[in-house]
Amino acid sequence: MPTFVYMTRCDGCGYCVDICPSDIMHIDKKYRRAYNIEPSMCWECYSCVKACPHHAIDARGYADFAPLGHSVRTIRDEEAGTIAWRVTFRDGRVKNFLSPITTVPWGTGIPDFRNEPEPTEAERNSQLLSFEPKYIRMDDGDIATLKSQNLEMKEGVYY
Amino acid sequence: MGIKTIVEDNIDILVAGAGLGGTGTAYEARHWGRDKKIVIAEKANINRSGAVAQGLYAINCYMGTRWGENNPEDHVRYARIDLMGMVREDLLFDMARHVDSAVHKFEEWGLPLMRNEKTGAYQREGRWQIMIHGESYKPIVAEAATKNADKTYNRVMITHLLMDESGRNRVGGAIGFNVRTGNCHVFKSKTVVVGAGGASNIYKPRSVGEGAGRVWYAPWSSGSAYALMINAGAKMTQMENRIVLARFKDGYGPVGAYFLHLKTYTQNAYGEEYESKHFPALQKMVGKEYLDMEASHRTHRPIPTCLRNHAIIQEVAAGRGPIHMVTMHAFQDPHLEEVGWENFLGMTVGQAVLWAATDLDPKYQNPELTTSEPYVMGSHATGCGAWCSGPADVSPPEYQWGYNRMMSIEGLFGAGDAVGGTPHAFSSGSFTEGRISGKSACQYIDDGKAEGIVVSDSQIEKRKAEIFKPLETYQVGRNEIVAGTVSPSYLLPHPGLQRLQKIMDEYCGGVTVNYMTNDKLLNIGLQKLKIMEEDLEKVGAEDTHQLMRAWELKHRHRTSECVMQHTLFRKETRWPGYYYRGDAMKLDDKNWHCLTVSRRDPETGEYTLEKAPLYHLVGDMEDKALADMKKSEKKPAKKAAKAK
Ligand SMILES: Cc1cc2nc3c(=O)[nH]c(=O)nc-3n(C[C@H](O)[C@H](O)[C@H](O)COP(=O)(O)OP(=O)(O)OC[C@H]3O[C@@H](n4cnc5c(N)ncnc54)[C@H](O)[C@@H]3O)c2cc1C
Ligand code: SF4
Ligand code: SF4
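Please read all numbers here as calculations on a predicted model, not as lab measurements.

Things to note about the pattern of salt bridges
Oppositely charged side chains can pair when the atoms bearing their charge come close.
Part 1 of the reasoning: In the structure shown here, the tally under the stated rule is 59 salt bridges over all chains.
Part 2 of the reasoning: With its nearest N and O atoms 3.8 Å apart, the salt bridge here joins Lys571 of chain B to Asp583 of chain B. On the criterion of sequence distance, the pair formed by Lys571 of chain B in the loop between α16 (544-569) and β17 (580-581) and Asp583 of chain B in the loop between β17 and α17 (589-592) is long-range, its members being twelve residues apart.
Part 3 of the reasoning: If you follow the salt bridges from partner to partner, you end up with Asp91, Arg93 and Lys95 of chain A together with Glu337, Asp361 and Lys363 of chain B in one network.

Quick notes on the domain arrangement of chain B
All names here are of chain B.
Part 1 of the reasoning: What the domain assignment reports for chain B is domain 1 (246-371) and domain 2 (457-586).
Part 2 of the reasoning: Computed from C-alpha coordinates alone, the two centres of domain 1 and domain 2 are separated by 33 Å.
Part 3 of the reasoning: If you look at the interface, domain 1 gives 13 residues, while domain 2 gives twelve residues.
Part 4 of the reasoning: Note on domain 1 versus domain 2: buried area summed over both sides is about 950 Å², and carbon and sulfur give 60% of it.
Part 5 of the reasoning: Taken as a group, Met285, Cys306 and Ile313 account for 54% of the area that domain 1 buries against domain 2, more than any other trio of residues on that side.
Part 6 of the reasoning: Linking domain 1 with domain 2 are zero salt bridges, by the criterion used here.
Part 7 of the reasoning: Summed over the shared surface of domain 1 and domain 2, the number is four residue pairs in polar contact (both at pLDDT 80 or more).

Thoughts on the domain arrangement of chain A
Residue and element names in this part refer to chain A.
Part 1 of the reasoning: Here the domain parsing of chain A yields domain 1 (3-105 + 145-158) and domain 2 (106-143).
Part 2 of the reasoning: The interface is formed by eight residues belonging to domain 1 together with five residues belonging to domain 2.
Part 3 of the reasoning: The junction of domain 1 with domain 2 conceals about 490 Å² of combined surface from both sides, 54% of it contributed by carbon and sulfur atoms.
Part 4 of the reasoning: Together, Glu78, Pro105 and Thr145 form the three largest contributors to the area buried by domain 1 at its contact with domain 2, with a combined 64%.
Part 5 of the reasoning: Linking domain 1 with domain 2 are three residue pairs in polar contact (both at pLDDT 80 or more).
Part 6 of the reasoning: In terms of residue class, the side of domain 1 that touches domain 2 is made up of three nonpolar, three polar and two charged.

Things to note about the site of ligand 2
Part 1 of the reasoning: Taken together, 13 residues surround ligand 2, and among them Cys10, Cys13, Gly14, Cys16 and Cys52 of chain A come closest.
Part 2 of the reasoning: Tallied by class, residues from the shell around ligand 2 come to nine nonpolar, three polar and one charged.

Side note on the site of ligand 1
Residue and element names in this part refer to chain B.
Part 1 of the reasoning: The environment of ligand 1 is formed by 35 residues, the closest being Glu42, Ser49, Ala58, Ser379 and Ser427.
Part 2 of the reasoning: Here an oxygen atom of ligand 1 and a backbone polar atom of Gly21 are 2.8 Å apart.
Part 3 of the reasoning: At a separation of 2.6 Å, an oxygen atom of ligand 1 approaches a polar side-chain atom of Ser427.
Part 4 of the reasoning: For ligand 1, the protein covers 98% of the area, taking 1,000 Å² as the surface of the free molecule.
Part 5 of the reasoning: Those elements that provide at least two residues to the shell around ligand 1 are α1 (20-32), β3 (56-59), β6 (156-163) and α12 (426-446).
Part 6 of the reasoning: A breakdown of the residues in the shell around ligand 1 according to their chemical character gives 18 nonpolar, 14 polar and three charged.

Considering the interface of chain A and chain B
You'll often see interface size given as the accessible area lost when the parts meet.
Part 1 of the reasoning: The interface is formed by 92 residues belonging to chain A together with 114 residues belonging to chain B.
Part 2 of the reasoning: Summed over both sides, the interface of chain A with chain B buries roughly 9,000 Å², with 58% coming from carbon and sulfur.
Part 3 of the reasoning: Residue Asp361 of chain B is joined to Lys95 of chain A by a salt bridge in which the shortest nitrogen-to-oxygen separation is 3.3 Å.
Part 4 of the reasoning: At the boundary of chain A with chain B, the tally comes to 54 residue pairs in polar contact (both at pLDDT 80 or more).
Part 5 of the reasoning: Of all the secondary structure elements, the ones that give two or more residues to the side of chain A that touches chain B are α1 (15-19), α2 (47-51), β5 (71-77), β6 (82-88), β7 (94-100), α3 (121-125) and β8 (154-155) of chain A.
Part 6 of the reasoning: Sorting elements by how many residues they give to the side of chain A that touches chain B places β7 of chain A first, with five residues.
Part 7 of the reasoning: Partitioned by chemical class, the residues of the side of chain A that touches chain B number 49 nonpolar, 20 polar and 23 charged.
Part 8 of the reasoning: Inspection of the sheet shows β8 of chain A paired to strand β20 (residues 615-616) of chain B by two bridges, in the antiparallel sense. Within the sheet, the bridge partner assigned to Lys154 of chain A lies in β20 of chain B and is His616 of chain B.

As for α16 of chain B
All names here are of chain B.
Part 1 of the reasoning: An ideal rise of 1.5 Å per residue puts 38 Å on 26 residues; α16 measures up with 38 Å between its terminal C-alpha atoms.
Part 2 of the reasoning: Across the 26 residues of α16, 24 count as buried, placing the element largely inside the fold.
Part 3 of the reasoning: For α16, the N-terminal capping position is held by Asp543, with its side-chain oxygen 3.2 Å away from the main-chain nitrogen of His545.

Points about the layout of surface pockets
Residues and elements named next belong to chain B.
Part 1 of the reasoning: As a volume, the second largest pocket reaches approximately 820 Å³.
Part 2 of the reasoning: Considering the residues around the second largest pocket, the lining is formed by 30 residues, among which His160, Asn231, Arg463, Glu466 and Arg600 are closest to the centre.
Part 3 of the reasoning: Listed by contribution, the elements that provide at least two residues to the lining of the second largest pocket are β6, α5 (224-232), α13 (457-478), α15 (519-536), α16 and β18 (595-600).
Part 4 of the reasoning: In terms of residue count, the dominant contributor to the lining of the second largest pocket is α13 (six residues).

Here we look at the sheet that holds strand β11 (residues 265-267) of chain B
All names here are of chain B.
Part 1 of the reasoning: Taken in spatial order, the four strands line up as β10-β13-β12-β11 in an open sheet, and their pairing is antiparallel. For this open sheet the edge positions go to β10 (246-248) and β11, each flanked by a neighbour on one side alone. Neighbour to neighbour, the strand axes of the sheet diverge by 40 degrees on average, direction disregarded.
Part 2 of the reasoning: As defined by bridge partners, β11 adjoins strand β12 (residues 323-326) across three bridges and the pair is classed as antiparallel.

Description of the nonpolar core
In a soluble, globular protein the nonpolar side chains are often hidden away together inside.
Residue and element names in this part refer to chain B.
Part 1 of the reasoning: Judged by nonpolar contacts, the single largest core of 193 residues is most densely connected at Tyr137 and Tyr226.
Part 2 of the reasoning: No other element matches helix α3 (residues 89-108), which puts nine residues into this core.
Part 3 of the reasoning: The contacts of Tyr137, once residues within four sequence positions are left out, are Leu20, Val52, Leu56, Ile59, Phe106, Leu111, Ile132, Ser427 and Ser428.
Part 4 of the reasoning: One finds Ile13, Ala18, Val193 and Met406 within the second-largest nonpolar core, a separate group that totals 21 residues.

What about the environment of Gly22 of chain B?
Residues and elements named next belong to chain B.
Part 1 of the reasoning: Tracing the chain through its elements places Gly22 in helix α1.
Part 2 of the reasoning: Look at Gly22 and you get buried, because its relative accessible area is 1%.
Part 3 of the reasoning: Taking C-alpha positions, Gly22 is 22 Å from Val87, a pair spaced 65 residues apart along the chain.
Part 4 of the reasoning: With near-sequence residues (within four places) excluded, Gly22 lies in contact with Val15 and Gly17.

A look at the sheet that holds β7 of chain A
Residue and element names in this part refer to chain A.
Part 1 of the reasoning: Within the open sheet, the three strands sit side by side as β5-β6-β7. Their pairing is antiparallel. For this open sheet the edge positions go to β5 and β7, each flanked by a neighbour on one side alone. Pairwise comparison of adjacent strand axes, ignoring direction, gives a mean angle of 15 degrees for this sheet.
Part 2 of the reasoning: As paired elements, β6 and β7 share seven bridges and run antiparallel to each other. Bridge assignment links Arg86 to a residue of β7, and that residue is Asn96.

Here we look at the packing of helix α10 (residues 334-347) of chain B against helix α11 (residues 349-357) of chain B
All names here are of chain B.
Part 1 of the reasoning: Between α10 and α11, the shortest axis-to-axis distance is 5 Å and the interhelical angle comes to 125 degrees. With respect to their mutual orientation, α10 and α11 come out oblique. Only Val349, Gln351, Ala352 and Trp355 of α11 make contact with α10, whose side of the interface consists of Trp341, Phe344, Leu345 and Met347.
Part 2 of the reasoning: When its residues are assigned to classes, the contact of α10 with α11 shows seven nonpolar, one polar and no charged.

How each quantity is defined
- Residues numbered from 1 in each chain as written.
- Chains lettered and ligands numbered in written order.
- Predicted model: local features only at pLDDT ≥ 70, side-chain atom pairs only at ≥ 80, totals over all residues.
- Heavy atoms only, no water.
- Salt bridge = Lys/Arg side-chain N within 4 Å of Asp/Glu carboxyl O.
- Helix = DSSP H or I, 4+ residues; strand = E, 2+ residues; numbered from the N terminus.
- Domains from an automatic or database assignment.
- Contact = heavy atoms within 4.5 Å.
- Buried area = accessible area lost by both parts, 1.4 Å probe.
- Polar contact = N/O pair within 3.5 Å; in protein donor to acceptor, adjacent residues only side chain to side chain.
- Nonpolar A, V, L, I, M, F, W, Y, C, P; charged D, E, K, R; others polar.
- Near = heavy atom within 4 Å.
- Areas by Shrake-Rupley, 256 points an atom, 1.4 Å probe, with all protein chains shown as cover.
- Pairing = 2+ DSSP bridges.
- Expected span 1.5 Å × (residues − 1).
- Buried < 20%, exposed > 50% of the residue type's maximum accessible area, 1.4 Å probe, protein only.
- 1 Å grid on protein atoms, 1.4 Å probe; cavity = no way out; pocket = protein on both sides within 12 Å on 5 of 7 lines; lining within 4 Å.
- Points joined across faces, edges and corners; volume = space filled by probe spheres on them.
- Axes fitted to C-alpha atoms, helices over the stretch in contact; angles between N-to-C directions.
- Core = buried A, V, L, I, M, F, W, Y, C linked by side-chain atoms within 4.5 Å.
- Parallel < 35°, antiparallel > 145°, perpendicular 65-115°, else oblique.

In C-alpha cells, the structure reads:
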C-alpha cells in the first residue's frame, strides 16, 4: 500500500515531508500539495499518515499483490495517548482497534542527565551503565559476571 | 553548483545513524560525559527512523532477572544454538546482563508494557519476548536521545568516515550531505559510534514493481553501517550469515506473537505436519548436536530458525505448498484475535492492509506463509557486523584489544546491526549496545586516547568531490539524450539497484535459485560486482533525493561484496535454510567451528579473510533438563561399551 494524497484535503503543510523515513513524500511544485514520489520505496509505515493533520493521506495496497477496495485508517492522538485503527475489508466488513501509545505526558518521562549528580570514579571504571545495578534487579545483587555465574570462557567445541 | 559546507568541530561523540542503537548511545554518553559534545547525524527524522519507524508490538530481548526468569547465560545458550554455534558469547553475555535495565527505563519513559495480571511481571510472549503497545517506541527513545545530545542533524546521510592522518589507525569523524538542502556536512569528532542499521534490498525481493518497498526489513536500511566500516578498513565478522525469514506471504507480517502467544502452528497445503519429515535428512547434514528433536521436545532448546526454514523450503519444493499458518483456532478467542491484528497494526501495517484487501479474515481462513529473500543484519536471528572488542571482565584475549564495542579502528564503536556476532539483541539489545558504546567512547576520550587527531582539508575536499559527483555526472550526461532514463554515460540508482539485486540473487543464494550457491557462482558474482563498481563511478543523480539513493546503492554494493567474500570463504553449509553451498552441503565442525573475520584494504580493495576461534562460556550441561536427559542417555551406552 504505497501512500497517496487526496487533492482536496491536503493544504501543503509539509508534516508528512518532514517525517517520511524514506524521503519520498514531497511537495508537488504545481499543486503545492504533497505526493509520494517513489512508491516502490514506500514501506507503508504510516508515519506520514499518522502525522497529517488533515487525514489527507491514505494507503492503497501495492498493485503487485493487493486488490483494490479496502482501507486501513488511523488516528493517532498524542493528547489522549492512544492510536485508533479502522480496517475496512474489500467486502465492506469493518474492524476497529484502539491501543495506548504512552503512559506519561510527552516529554516528562526522560531525565536530562545534565541536571543529575555526576557518576563516581568507581562507577566509571566498573562495568555498570547508568542507574545500574538498581535498574536490573530488585534485590541488592550486582550485575552478572563470569564469577557470579560460575562461568569460564573456554575455547573449543561446545553445543 | 554552489554547495555549502557546514563544519561541526570539536565533537566528542558522533552518533552516525540514530535508530535503536544510536539513540541508546546519545542517551548513555551524557551520563558518563556531562560536558562532552554529543552530536547525532541521522539520515531521516529521528522520531520515525530506522527499523522501528512504525513501532513494535514486542520487545524480543528481556531476561526478567528481576522476576527470577532468566540469567544472561541462558540467553547466550539460546542464541548460540539458534545460530548453529556461531556467536560472540562474550558480547552476548554482556548485552544480556544489561538489557533489563534498558527495558525498565523504557517503561519509565512511558512505553506501555503489558503486564501479566496474575504475577505482576511483564506479559511474556515467549521465553525472551515481552508484549508492548509500541506504536511510539521510536519517538520515545528519540526523545531520550535528543534531550541528551547537544545537536541532532536530521536528514544528513553519512557517506564516509573521516580518518586520522597522524599515523594511527584511528577515526577522526564523518562526512555526508543533507538529502534535502544538498549541503555538505563535516563532523570532526574524537569518536564515532556507527548505528546506521542493517541491509534490506540487496537481494532481489519477492515483490515486484510498485510493491518493491514491501520488504521485511525497512527499505531505508541501506547497509550504510557495513559500508562505512568496511570502507574505512574495519574488520568484519560473520558477513556470510545473512537471514531468511519465514513470514506471512506478501505482507511479511511478523510471526513471533503468532507462534509464541497465539500458539498458532504451520501445516502444508494438505493439512499435514511437515517439519518432522525433513528432519532426519537434515540431521545428517548438520549433525545431532544441532538438531536433536528429542532434546528440543524435552527441554527449552529451540530448533534453530534456519532449520525450520529448511523444512518449509523442502516441503514447497516437493510440491506440497503453500505452507499455511493455522490461525482459525486461535482467532476464535476474541482476545487473541485482537492481539493478532494489533500485532500487525503495531509493526507491519502492510499485512493488515493486505488481509483487508484480499478479504482474508484469519478467523475463517488460514493465511499463507513464505520464506523471504535474504537480509544482511546483525540484531535479529543473525549476526553480521563489525569485529568488536569485548568487555574487559569477560572476553578472552582474542576478543579484547581495547574498549568495549570498539572496532579494529581506534575510536570507532558500533551498536545494533553494526556489531557482529551478536544475534538476538533486537530492539532492546541494540539500545543496550548503544549504551555500552556510549560509555566506552567517554572512557576512551577521558583516557586521553583521542589526542592529536589530524583530519586535513584535502581529505575533506577529496570526499566532498566524491559525494557530489553523481549530480555532476547526471548534469553532463543529461544533455546527450532527448528524454527518459536511459543514457549511455550514466546509470540511475534504481536500475543500478536492480542489477545488484539480480547478481546477489543469482550468484549468492537468493530466492530464484532456492538459496543455493557454490564456489564457481560466487567467483563469477564477485567479478560482476567488480565491474559494477566501475559503473558505480558513473552513477547519476538528478537531485539530492536521488543522490541519497546513489549513495545507498554504493553502500549496498560494498555490503554485498563483503557478503560474497565471506560466503566464498566459509566452505560449508552452516545454516541450511538461510543458504546452501552446493559444493559443500554439510555442516563441517572439524574445519569451520570458528568465526570468520575479514578486512578490506582501503587502498587496494583487496580482502583478507581469516578464522577466529570460538570461545564458549557455557555448555549445554548447565541447562538442567538437557543435562538430565543426556545423563540418562549416556548410562546405557556406557554399559554397552563395557559389555564389549
Ligand atoms: C518488521 C520488523 C519487526 C521487528 N520486530 C521486533 C520485535 O518485535 N521486537 C524487537 O525487539 N525487535 C524487533 N525488530 C528488530 C529491531 O527493529 C532491530 O533489531 C533494531 O531496530 C536494530 O537497531 P539498529 O540501531 O541497529 O538499526 P535501526 O533501528 O534500523 O537504526 C538505523 C538508523 O540509522 C539511520 N541511517 C542509516 N543509514 C544512515 C546513514 N548513511 N547516515 C546516517 N544515518 C543513517 C537510519 O535512518 C536509522 O535511524 C523488528 C524489525 C522489523 C523490521
Ligand atoms: S501532512 Fe497532510 S496536509 Fe500536510 S502536506 Fe502532507 S498530506 Fe498535505
Ligand atoms: S508510509 Fe512511510 S515510507 Fe510510505 S510515504 Fe508514508 S512515511 Fe514514507
